[in-house]
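# Coordinate inspection notes
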Amino acid sequence: MNRFKASKFRHTEARLPRREAWIGGIRAGSIASCGNHVKASCRWIAFNAEAAGVLGIVPLECEDGGKRTVSQLCCHSDVVTDFDFSPFDQLLLATGSADETVKVWRLPESGQDMPGGAGLTLGPGGGPVDVLQFHPTADGVLASGAGKRVTVWDVGQQQPLTALDCHGDQLQSLAWKRDGRLLGTSCKDKKLRIFDPRASPAASQSVLGHEHNKDSRLLWMGSSDCLISVGFSQMREREVKLWDTRRFSGAMLTVALDTSPGVTIPLYDADTGLLVLAGKGENLLYCFEVAPAQPALTQVTQCRTEGSTRGLAAVPRLALDVMACEVLRVLQLTDTALVPVSYVVPRKSIQDFHEDLFPDCAGTLPATGAQAWWAGDSQQVGRVSLHPARRPTETFSSPVIACTQLQAADTGHTDADADRSEGSGYSSPSSLASPGSAATSLSASTGPSSGFVSSPSQKSLQSILGPSSRFRHTQGRVLHRDTHLTNLRGLSLTTPGECDGFCANNQRVALPLLSAGGQIAILELSKPGRLPDAAVPTIQNGSAVADLSWDPFDPRRLAVAGEDAKIRLWQIPEGGLQETLCEPKAVLRGHTEKIYSIRFHPVASDLLVSSSYDMTVRIWELSAGREALCLRGHTDQIFSLAWSPDGKKLATVSKDTRLRLYEPRRSPQPQQEGPGPEGGRGARVVWVCGGDYLLVSGFDSRSERRILLYRAQALPEGPLSVLGLDVAPSTLLPFYDEDTGVVFLTGKGDTRVFLYEVTPEPPYFLECNSFTSNEPHKGFIFLPKTSCEVREVEFARALRLGQSTLEPVAFHVPRVKKEYFQDDIYPPTRVWWEPALSGSAWLAGGDGQHRCASLRPANMTPVSEAPKEAPSRKFVPASVYLEEKSDEQKKEELLNAMVARLGNRDDPLPQDSFEGVDEDEWD
C-alpha cells in the first residue's frame, strides 16, 4: 500500500459465524503464560484445556458435515505453557510445560485415538518452558525459551544445537524470521534482541523496546528486515511499534491502541500484510494493514465478539476458502467455544480465483534438514499456488518421529496389556505411559465400590475424555431460610489472612466482632433465626483476635490467639453463652510476637500447636498449661500449619517459599524441606490421601491461584502436579473430606467454591461441579461429618458467612435410589470426637488411632445389598408393528380412538348440576 494507491484490503470484512458454526463443548483453561493458548495446522486445532497438563484436540474441518469430536491429550505433569505445530508435518505438535520439558507428539489421522505417550522428550532444562516455535525452513529445528535462555534443538537427535543466554530477565516471546536466518526475542528487561544462532550465541543487536515490563510480543514481517512488537508504554497504554533492523536504534512508528489491561496477542500474515490484535479477557478484535515502507499502520476493520478472548490463532493459508475471498481466518478461544472469524474481501465475482488477493504462499515441503541448516544451508521453502486446481496434494511426514514405529506401538499390545487397558477404561497400553502424560486407572472413580459397572461405550468415552470423578455432579445448595442466622451486626471482616475468619463445631459458632477488646460472639446453631437488635453476650478476649479454634474433643472449649502473643482458653457454659465472659480458664504465654495460627491435635487431647511472628512453632500441653515443644527452622512468615491425620507429623508452609515437614517428638528442626508456591501473598497446607500426600494452595509468580500436590515422603522432589485455578487476591482456603477424597477450595471475598477429587495417581485432580453464590462470602467453614443428612446423600455441610447472615450450605450427590444407604459415598468414618490418647501420653512417645463408625441409619439398607432389578423393556417389540391388520381392524381401532378422545356424550354437562335462583331474587 502507498499513499497514492488504494489498498485492495480496505473493504475487508470480519464475519462472525452463527453459533452452529462454533466449536462448542470445550472447557478452556485460564493459564497464565506467554503463549497464545490455541494453535492450528491444516488438520488439527490444539488449545489449553481446563485440566493442568492437558490439551484439547479438535479437527479443523468437519468430516462429512458431522459434529467435531473434542479429544484430550494428556501431555505433562504440570501446566502446558506453550505449543506449536510443525509448518511442514501437519500432525507434528511440540508442547512445552512448567515441568521444564518439551515433548513432541505425532497426532493421528482423523478418527483415531490420541497417542498415549510422547514421540520424544527434550530436557528437562533449567526452568519452566515459556515459549517455543518451529523453524520456518528446516525440518526438525525447534527453539524453546525457558527463563533467561533460548535453546535451539535438533529434534531428531534430541540434542541442543546452541543456547542463547544473554537475556537480562525472563523471556516473553521469540520469533524466527521467515527465511530462517535470524531469531528475535522480547524480554521482561524491556529489550528486543536479534540473534544469528549459527554465528554466535550473543545477540547481534538489541534495543529498548517498550517502556513497561508487562508482557510484550515480537513478530517478524515475513522475510523482510522489519519487525512488529506489541507491549505497554510507561503510562500502561497498549501500543504497537514497527522496527527496521537496519536502523535498530529506535522504532520507525509507534501507535497507541488503548488503555486496556489485557495482554495483546498479535497475529501477522506476511502474504497480505494484515495484522490482527486481540487482548486477553476482551471481546474486541482489531485488524490493521501494515506498510513498513511508509511506515504506516492503517486500521482496516474491527469487530466485537460475543465471548471474551482466552487465546487467538491463525489458520494456515492452505486451509482458507479462497473461492469465498477469505484472505484470513482466526480462531478465538473463549471459555466454552472456539469461534472462527473469517476476514473476507467483497468481490462481485466469487466464481473466479482472484490472483491479486492470493499470491503464492510457502509450501509444506521443508527446504533443508536440521544438520544441513546448522552447517549453513539457507535454502528457502518453495512457494505454491492457492488456486484449487493447482494446489499441491502431496503431504510431508517428518522423520523425527517414525510413523510406523508409533503405529506399531499403538496396535501391538499383548493380551495382558489389552486386559489391563480394558479394566482401567483406557485403550493406551501402560508401556507407552510416561509420568504425567498417559491416562491412568479409573478405579478411584468407577471401581467396584461404586456399585456400577461401566458399559463399553462409557469406557470408550472415558478413553477419550480421561478419568472423571464420581462426585463430578455434586450439587451445592443453600438450605432453607429457617436454618439461617440473620441480623449479624458488627462482624470483624479484617481478620488476618492466616485465619479462616470464624470457626464452628456441630453445636455453636464463634464470630470475631469489630469492637475493641477482641470481642467474640458465640451463637448456638440449634437456635437459628433473626438475632435481636440489642447486643448479645460475648467473650471479652482483651486483645485483637488473630486466630481461633474449637477443641474437637470438648465442644465447649475455645482457644483464641491474640495479637498480644498470648493464647487464651475459654469454656462456654452448657446451653450457650448467657452473659459476657471476661476471665479465660487459662492463658498460655511463651511467644514473643503476634501469633499467626493455632490448631488442636487431631488424635490426642489437651494438645495445641501455634505459630508466631517470632518464627517458632510451639506445642502446648493444655492440661499442665505449659509449653512442651518448640520447633525452629523458619526464616520468614509462617502462612499455615497442619497436623497429619495420625498426629505424628506437622507440615508448615511459609513466605520463604519453602514447605517443611516436622516430627516434633524427634527433632525441633524440619525432617524434610521442599519448594513451595512461588508467590509470597499467602498459602495453606492440608494432608490428603490418607496422610501420604500434601496439598498446598498458593500463588505463582504471576499471582495466579494454584494448588500443588506433594508426596509427603519426597518433598525435595517438588510437586507431583500443579493446577492453576484463577487470578484473585485472596488465598484459597482448602477443606479436605477424607472419606470421599474431595477437596473444597474458596477464599474470603469469593463467590465460587472449587471442588476436586484428589487421587494418588495421574491426573491427580478430577474436577467436580463448583458451587457459586450470589454475593461474596466473608468466610466458609465446614462442619463435622455427623452434621450431614445421610438420607439426602449429603456428604459435606458448610457455613457461609455473608455480610450479616450465616447460611448452611449442603453438598450432595444426585442418586436415584435415595431410599438406600449409599455405602460407596459413606465409608466408616473416624470417631473424631473421642481422643485416642492423652496429650501427656503422646508427648511420652505414644501413638493412637481413632476407631471408625458407620453413618448408616438403622432402618436403611446399603445400596450394595439392594436387590438387582431386571432391566425393563424400553421399546415395543418389532413384531407388534410387523403384524398384518385388515382394513376393517384399522378402521375400528381408529373409530375407538376417536370416541375415547371425545368422551361419552351421555354424561351430564357441568352446568346441569348448577342450582338456580328464586323468582323473587330477580326483582
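Residues numbered from 1 in each chain as written. Predicted model: local features only at pLDDT ≥ 70, side-chain atom pairs only at ≥ 80, totals over all residues. Heavy atoms only, no water.

### Brief notes about the overall build of the protein chain
Within the protein chain, the regular secondary structure consists of 8 helices and 67 strands. Out of the 923 residues in the protein chain, the part that is buried amounts to 52%. Here the analysis covers contacts within the protein chain between residues at least 6 apart in sequence; of these, 53% occur between residues at least 24 apart. About 41500 Å² of surface is accessible on the protein chain, with carbon and sulfur atoms providing 49% of the total. (Helix = DSSP H or I, 4+ residues; strand = E, 2+ residues; numbered from the N terminus. Buried < 20%, exposed > 50% of the residue type's maximum accessible area, 1.4 Å probe, protein only. Contact = heavy atoms within 4.5 Å. Areas by Shrake-Rupley, 256 points an atom, 1.4 Å probe, with all protein chains shown as cover.)

### Observations concerning the packing of aromatic side chains
For the structure on display, the rule yields 20 aromatic pairs. Ring geometry for Trp-243 against Phe-248: centres 5.8 Å apart, planes inclined by 65 degrees, an arrangement best described as edge-to-face. A relative accessible area of 7% means that Phe-248 is categorised as buried. Here Phe-353 and Phe-358 contribute two aromatic rings whose centre-to-centre distance is 5.8 Å and whose plane-to-plane angle is 25 degrees, an arrangement assigned as stacked. The same class applies to Phe-353 and to Phe-358, which are both buried. An aromatic cluster of three or more residues is present, and its members are Phe-471, Phe-735, Phe-744, Phe-771, Phe-780, Phe-782, Phe-795 and Phe-811. Lys-214 extends its terminal NZ or CZ atom over the ring of Phe-232, reaching a point 4.8 Å from the ring centre. The residue whose ring lies beneath Arg-681 is Phe-699, and the NZ or CZ to ring-centre distance is 4.7 Å. (Phe/Tyr/Trp six-rings, centres within 6.5 Å; stacked < 30°, edge-to-face > 60°. Lys NZ or Arg CZ within 6 Å of the ring centre and 35° of its normal.)

### Re the pattern of salt bridges
Should the charged atoms of two oppositely charged side chains come close, the side chains can pair. Across all of its chains, the model carries 58 salt bridges by this definition. Arg-660 is paired through a salt bridge with Asp-656; the nearest N and O atoms lie 2.7 Å apart. Grouping residues by exposure puts Arg-660 and Asp-656 together as buried. Salt-bridge contacts for Asp-726 lead to Arg-705; the nearest nitrogen and oxygen are separated by 2.9 Å. Placement of Asp-726 in strand β56 (residues 721–727) and of Arg-705 in strand β55 (residues 704–711) is noted, with a sequence separation of 21 residues between them. (Salt bridge = Lys/Arg side-chain N within 4 Å of Asp/Glu carboxyl O.)

### Some details on the nonpolar core
One recurring pattern in soluble globular proteins is that nonpolar side chains are buried together. Among the nonpolar cores identified, the biggest contains 30 residues, and Val-276, Leu-285, Leu-312, Val-327, Val-330 and Tyr-343 are the most heavily contacted of them. Of all elements in the fold, only β23 (264–269), β24 (274–279), β25 (284–291), β26 (296–304), β28 (326–333) and β29 (338–344) reach the threshold of two or more residues within this core. The element best represented in this core is β29, accounting for 4 residues. With near-sequence residues (within four places) excluded, Leu-285 lies in contact with Leu-277, Ala-278, Thr-301, Gln-302, Cys-303, Thr-305, Thr-309, Leu-312, Val-330, Val-341 and Tyr-343. (Core = buried A, V, L, I, M, F, W, Y, C linked by side-chain atoms within 4.5 Å.)

### Some words on the environment of Leu-485
Checked against the element boundaries, Leu-485 lands in strand β34 (residues 485–486). On the basis of relative accessible area, Leu-485 is assigned to the buried category, the value being 3%. On a C-alpha basis, the gap between Leu-485 and Thr-805 in space is 5.7 Å, while along the polypeptide they are 320 residues apart. Not counting chain neighbours up to four residues away, the residues in contact with Leu-485 comprise Leu-523, Glu-524, Leu-525, Lys-527, Pro-528, Gly-529, Leu-531, Ser-804, Thr-805 and Leu-806.

### Considerations on the sheet that holds strand β40 (residues 545–551)
Backbone hydrogen bonds are what pair the strands of a sheet, in a parallel or an antiparallel way. Here we have 4 strands laid out as an open sheet, ordered β40-β41-β42-β43, and antiparallel in their pairing. Looking at the sheet topology across the chains shown, the edges are occupied by β40 and β43 (586–589). Averaged over all neighbouring strand pairs, the angle between strand axes comes to 20 degrees, with direction disregarded. (Pairing = 2+ DSSP bridges. Axes fitted to C-alpha atoms, helices over the stretch in contact; angles between N-to-C directions.)

### Some points on the sheet that holds strand β10 (residues 129–134)
Strand order in this open sheet of 4 strands is β10-β12-β13-β14, and the pairing throughout is antiparallel. Across the chains shown, the open sheet's two edge strands, defined by having one partner strand only, are β10 and β14 (159–164). Neighbouring strand axes in the sheet, compared pairwise and without regard to direction, differ in orientation by 20 degrees on average. Across 6 bridges, the pairing between strand β12 (residues 141–146) and strand β13 (residues 149–154) is antiparallel. If you follow Ala-146 over to β13, its bridge partner there is Arg-149.

### Side note on the pairing of strand β37 (residues 519–524)
Judged by how many residues are buried, β37 sits mostly within the fold: 6 of 6 residues are covered. A two-sided burial pattern is seen for β37, the buried positions comprising Gln-519, Ala-521 and Leu-523 on one face and Ile-520, Ile-522 and Glu-524 on the other. The pairing of strand β36 (residues 508–512) with β37 spans 5 bridges and is antiparallel. Bridge assignment links Pro-512 to a residue of β37, and that residue is Ile-520. Where β36 folds back on β37, the antiparallel hairpin that results is connected by 6 residues, among which Gly-517 adopts a positive phi of roughly 90 degrees. Sheet analysis places β37 next to strand β39 (residues 538–540), joined by 3 bridges and oriented antiparallel. Paired with Gln-519 across the strands is Gln-540, a residue of β39.

### Considering the environment of Pro-512
Relative to the helices and strands, Pro-512 resides in strand β36. Each C-alpha atom of the pair Pro-512 and Gly-501 lies 7.6 Å from the other, and the pair is 11 residues apart in sequence. Apart from the residues within four sequence positions on either side, Pro-512 is in contact with Leu-491, Ser-492, Thr-495, Gly-501, Phe-502, Gln-519, Ile-520, Val-545 and Leu-548.

### Describing the pairing of strand β62 (residues 779–782)
Of the two faces of β62, both are covered, the one formed by Gly-779 and Ile-781 as well as the one formed by Phe-780 and Phe-782. Where β62 meets strand β63 (residues 794–801), 4 bridges bridge the pair, whose relative direction is antiparallel. Residue Ile-781 lies in a different strand from β63, and its bridge partner there is Leu-799.

### A closer look at the side chain of Thr-162
Here Thr-162 shows up in strand β14. Setting aside residues no more than four positions away along its own chain, Thr-162 makes contact with Val-150, Thr-151, Val-152, Pro-197, Pro-201 and Trp-374.

### Some remarks on the confidence of the model for the protein chain
Per-residue confidence for the protein chain averages 85 on the pLDDT scale, and 88% of its residues sit at or above 70. Contacts from residues 403–464, a stretch scored under 50 in pLDDT, to residues over four places away or in other chains number 86 contacts. (pLDDT = per-residue confidence, 0-100.)

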